[in-house]
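Structure at a glance
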Amino acid sequence: MEFKISQIGTIWSPYNTKQDCPIQGVADPAGKGRVEVFPEYEAALETIETFSHLYLFYIFDRAGEIILSRPTFLDDAPHGVFASRHPCRPNGIGLSIVRLDRREKNMLHVSQIDILNKTPLIDIKPYIPKFDFRPDAGNGWAESKSIGEKPPNRE
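Throughout what follows, the structure given in this document is the object of discussion. (Residues numbered from 1 in each chain as written. Predicted model: local features only at pLDDT ≥ 70, side-chain atom pairs only at ≥ 80, totals over all residues. Heavy atoms only, no water.)

**So, the nonpolar core**
Among the nonpolar cores identified, the biggest contains 20 residues, and Val35, Leu56, Leu108, Leu121 and Ile124 are the most heavily contacted of them. Elements represented by at least two residues in this core include exactly strand S2 (32-37), strand S3 (53-59), strand S6 (93-104), strand S7 (107-111) and strand S8 (119-126). (Core = buried A, V, L, I, M, F, W, Y, C linked by side-chain atoms within 4.5 Å. Buried < 20%, exposed > 50% of the residue type's maximum accessible area, 1.4 Å probe, protein only. Helix = DSSP H or I, 4+ residues; strand = E, 2+ residues; numbered from the N terminus.)

**Side note on the sheet that holds S7**
Here six strands make up a closed barrel; going around it, the order is S1-S2-S7-S6-S3-S8 and the pairing antiparallel. Adjacent strand axes in the sheet meet at a mean angle of 45° when their direction is disregarded. (Pairing = 2+ DSSP bridges. Axes fitted to C-alpha atoms, helices over the stretch in contact; angles between N-to-C directions.)

**Considering the pairing of S8**
One ladder, built from three bridges, connects strand S1 (residues 9-12) with S8; its direction is antiparallel. Residue threonine 10 lies in a different strand from S8, and its bridge partner there is proline 120. With five bridges joining them, S3 and S8 adopt antiparallel strand pairing. By the bridge assignment for S8, tyrosine 55 is matched with lysine 125.

**Structural notes on the packing of aromatic side chains**
Scanning the model with the defined rule gives three aromatic pairs in all. Aromatic side chains tyrosine 55 and phenylalanine 57 sit 6.5 Å apart centroid to centroid with 40° between the ring planes, which places their arrangement in the tilted category. According to the relative accessible area criterion, tyrosine 55 is buried, its value standing at 17%. Residue phenylalanine 57 is classed as partly exposed on the basis of its relative accessible area of 22%. (Phe/Tyr/Trp six-rings, centres within 6.5 Å; stacked < 30°, edge-to-face > 60°.)

**Digging into the side chain of aspartate 114**
Its location among the elements puts aspartate 114 in the loop between S7 and S8. On the basis of relative accessible area, aspartate 114 is assigned to the buried category, the value being 11%. Side chain to side chain, aspartate 114 and serine 96 meet in a polar contact 2.6 Å long. (Polar contact = N/O pair within 3.5 Å; in protein donor to acceptor, adjacent residues only side chain to side chain.)

**Details of the layout of surface pockets**
Taken as a whole, the largest pocket spans an internal volume of roughly 1,400 Å³. As for the largest pocket, its lining consists of 47 residues, of which Ile23, Gln24, Arg85, Leu95 and Asp114 are closest to the centre. The set of elements that each furnish at least two residues to the lining of the largest pocket consists of S3 and S6. The greatest single-element share of the lining of the largest pocket, amounting to five residues, is contributed by S6. Here the residues of the lining of the largest pocket sort into 24 nonpolar, 13 polar and 10 charged. Approximately 180 Å³ is the volume attributed to the second largest pocket. Along the wall of the second largest pocket there are 13 residues; nearest its centre are Ala44, Leu45, Ile48, Ile124 and Lys125. Residue contributions to the lining of the second largest pocket peak at four residues, all from S8. (1 Å grid on protein atoms, 1.4 Å probe; cavity = no way out; pocket = protein on both sides within 12 Å on 5 of 7 lines; lining within 4 Å. Points joined across faces, edges and corners; volume = space filled by probe spheres on them. Nonpolar A, V, L, I, M, F, W, Y, C, P; charged D, E, K, R; others polar.)

**Comments concerning the pairing of S3**
Among the seven residues of S3, five are classified as buried, and the element is accordingly described as predominantly covered. Looking at chain direction, S3 and S6 are connected through seven bridges and run antiparallel. If you follow histidine 53 over to S6, its bridge partner there is arginine 99.

What is shown is where atoms sit, not what they do.
Pasting the structure below:
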């Protein structure tokens, strides 16, 4: 089966390299960015400003070699790529939660961003705590890990 996914916009951030980019958006709450939705999709943003946070789906267009089990940004031990958030995946689809600060037509101003500058956007969905929050969710192998700075010499 073949799927076609089209770019619907571009994500703009202050992070031009993987080394500059925080591991997760909550690690740099002040990190600001913009999500430009192509004008032909602007109508799809109607009432998006009623939400405080958004899921951004995007393409890891600069991810690198796909290795199915590897050390992660948080751990020297290898983990399967499906048990991590590593960008080098069989289908390079990224997912981040950002805070929506404001909307100006087809431009969303966001914070808590952890995405490289000029990343292709493929979808947006609202983060809805009453549906998305799972109080009994476990952190797996990441339970004891900190989301502070990346260890030196990591991708």
